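# Close look at the chain arrangement
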Amino acid sequence: MKSRSVLSSILLALLLVGLILSLQERRSNPVSPLIVSSERMLMGTIWRVQIVVSHGEQQKAEKAVEHLFQELNRIEALMSEFRPDSPVSRLNQAAGTGPQAVPPELADLIRRGLDYGALTRGAFDITWLALRGIWRFDDRFRPPSPEEVEQALSFVDYRRVELEGTRISLPPGYAVGLGGIAKGYAIDRAAAVLREHGFSHFLVEGGGDIFASGRKGSRAWLVGVRDPRGGPSDLVARLSIEDVAVVTSGDYERYRIVNGVRYHHIIDPRTGWPADGCRSVTILAKTAEQADALATGVFVLGPQEGLQLVERLAGVEAFIIDREGQFLFSNGFLRYVVGKPTETVLPPTID
């Protein structure tokens with residue numbers, strides 16, 4: 001009897017040791033989460049979705065993804081200035097003819113776009129569209145003349161847009177372009193669709209603009225910040241994020257160099273010329289819409305004024321690479337960084 005008791009104790013001890021070792025191995029090598037992912041081309045860019053699911057939820061997730069892309073298609077049809085049949089295009093075509101009724105959702109986004117214009121003192125301006133015709137970053141590219149810029153600028157000023165309820169009036173020659181805010185809004189709507197289908201751990205990316213919800217299994221989501229003078233896979237920082245949007249505006253996306261001058265697509269709507277204070281601006285915010293608008297606005301404002309603005313906004317952080325390649329951060333940005341970016345410059349004192 002005694003020998004059996006000893007043997008039982010030994011077997012129990014071995015089982016406990018095995019269980020402990022197994023748990024330790026799982027902690028050091030966590031099981032990869034089950035992910036349902038999809039990728040499609042919409043709004044002129046690539047959209048990617050990753051959803052963390054439990055076993056048996058794949059079909060539910062695939063249905064949610066279909067509804068998500070239906071929502072993105074709906075928003076594009078409503079807000080794209082490139083589609084002649086969209087409500088925003090019809091509004092632009094009616095410029096100078098008096099107030100025009102637009103769908104409430106579009107009126108609300110235009111109203112918020114005007115608010116971002118006021119917040120950034122015109123560095124973000126939804127009436128930028130008049131400048132599109134003189135800046136073409138394709139094989140036909142040439143820097144416009146000062147006279148062309150001056151003429152186009154006469155049709156750019158968000159303060160001249162009149163909005164009352166769902167009725168909007170544009171001056172003659174004016175046009176609204178929502179490219180700097182609509183994609184962020186679309187990402188937020190995509191996230192809302194996934195939540196409505198019962199998912200809380202996912203990542204939505206549209207053309208590099210990201211919203212991360214929850215966690216990717218046992219860890220936060222990891223995203224990279226591109227080196228604006230490197231290749232697509234060259235990073236200057238990796239960020240660990242959850243329940244936050246990350247949007248970067250950079251002078252490397254669409255540009256041409258003529259006689260040693262870099263002309264890029266982020267145009268200062270106050271001057272009509274490419275903003276020249278930054279190489280890239282990465283904004284973290286609670287919504288992708290806010291991050292989208294502020295990434296453009298801060299880029300145009302430049303490092304010092306842009307950081308001062310960010311520090312006044314609750315829940316917003318910024319990582320700026322200035323035109324000399326120096327790194328500047330808002331006071332709370334570094335808590336998102338995995339490791340440390342190289343050549344770090346501490347943020348200046350903000351009054």
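Our structure is the block above this text.
Residues numbered from 1 in each chain as written. Predicted model: local features only at pLDDT ≥ 70, side-chain atom pairs only at ≥ 80, totals over all residues. Heavy atoms only, no water.

### Looking at the nonpolar core
Ranked by internal contacts, the top residues of the largest apolar core, which has 73 residues, are Ile51, Leu68, Met79, Ile110, Leu178 and Ile283. Setting aside anything within four residues of it in sequence, one finds Ile110 in contact with Leu91, Ile126, Leu163, Ile168, Val176 and Leu178. Core analysis: the second largest hydrophobic core is formed by 21 residues, Trp221, Leu239, Ile241 and Tyr336 among them. (Core = buried A, V, L, I, M, F, W, Y, C linked by side-chain atoms within 4.5 Å. Buried < 20%, exposed > 50% of the residue type's maximum accessible area, 1.4 Å probe, protein only. Contact = heavy atoms within 4.5 Å.)

### Quick notes on the pairing of strand β7 (residues 209-213)
When you tally the buried positions in β7, you get five out of five residues, the bulk of the element. Residues Asp209, Phe211 and Ser213 point to one face of β7 and Ile210 and Ala212 to the other, with burial holding for every one of them. Bridge count for strand β6 (residues 202-206) against β7 is five bridges, and the pairing is antiparallel. Within β7, the residue paired with Gly206 across the bridge is Asp209. The turn joining β6 and β7, which pair antiparallel and follow one another in sequence, is formed by two residues; a positive phi near 60 degrees is taken by Gly207. Across three bridges, the pairing between β7 and strand β10 (residues 244-250) is antiparallel. Paired with Ile210 across the two strands is Val246, which belongs to β10. (Helix = DSSP H or I, 4+ residues; strand = E, 2+ residues; numbered from the N terminus. Pairing = 2+ DSSP bridges.)

### Side note on the side chain of Asp125
Looking at where Asp125 falls in the secondary structure, it is placed in the loop between α4 (104-119) and α5 (146-153). Salt bridges are absent for the buried Asp125, whose nearest opposite-charge side chain, Arg159, sits at 7.0 Å. Within the local environment of Asp125, its side chain forms a polar contact with the side chain of Thr127, the two groups lying 2.6 Å apart. There is a polar contact of 3.1 Å between the side chain of Asp125 and the backbone nitrogen of Tyr158. In this structure Asp125 touches Val156, Asp157, Tyr158 and Pro269, once residues within four positions along its chain are discounted. (Lys, Arg positive; Asp, Glu negative; His and termini not counted. Salt bridge = Lys/Arg side-chain N within 4 Å of Asp/Glu carboxyl O. Polar contact = N/O pair within 3.5 Å; in protein donor to acceptor, adjacent residues only side chain to side chain.)

### Let's talk about the packing of aromatic side chains
Under the definition given, this model contains 12 aromatic pairs. Taking 6.1 Å as the distance between ring centres and 10 degrees as the angle between the ring planes, the aromatic pair formed by Trp135 and Phe137 counts as stacked. Each ring, one from Phe141 and one from Tyr263, has its centre 5.9 Å from the other, and the planes form 45 degrees; the classification is tilted. Taken together, the positions of Phe141 in the loop between α4 and α5 and Tyr263 in strand β12 (residues 261-264) put the pair 122 residues apart, joining distant regions of the chain. As far as the burial class goes, Phe141 and Tyr263 line up, both buried. An aromatic cluster is present here, built from Trp135, Phe137, Phe141, Tyr263 and Trp273 joined pairwise through their rings. Positioned over the ring face of Phe199 is Lys60, at 5.1 Å from the centre of the ring. (Phe/Tyr/Trp six-rings, centres within 6.5 Å; stacked < 30°, edge-to-face > 60°. Lys NZ or Arg CZ within 6 Å of the ring centre and 35° of its normal.)

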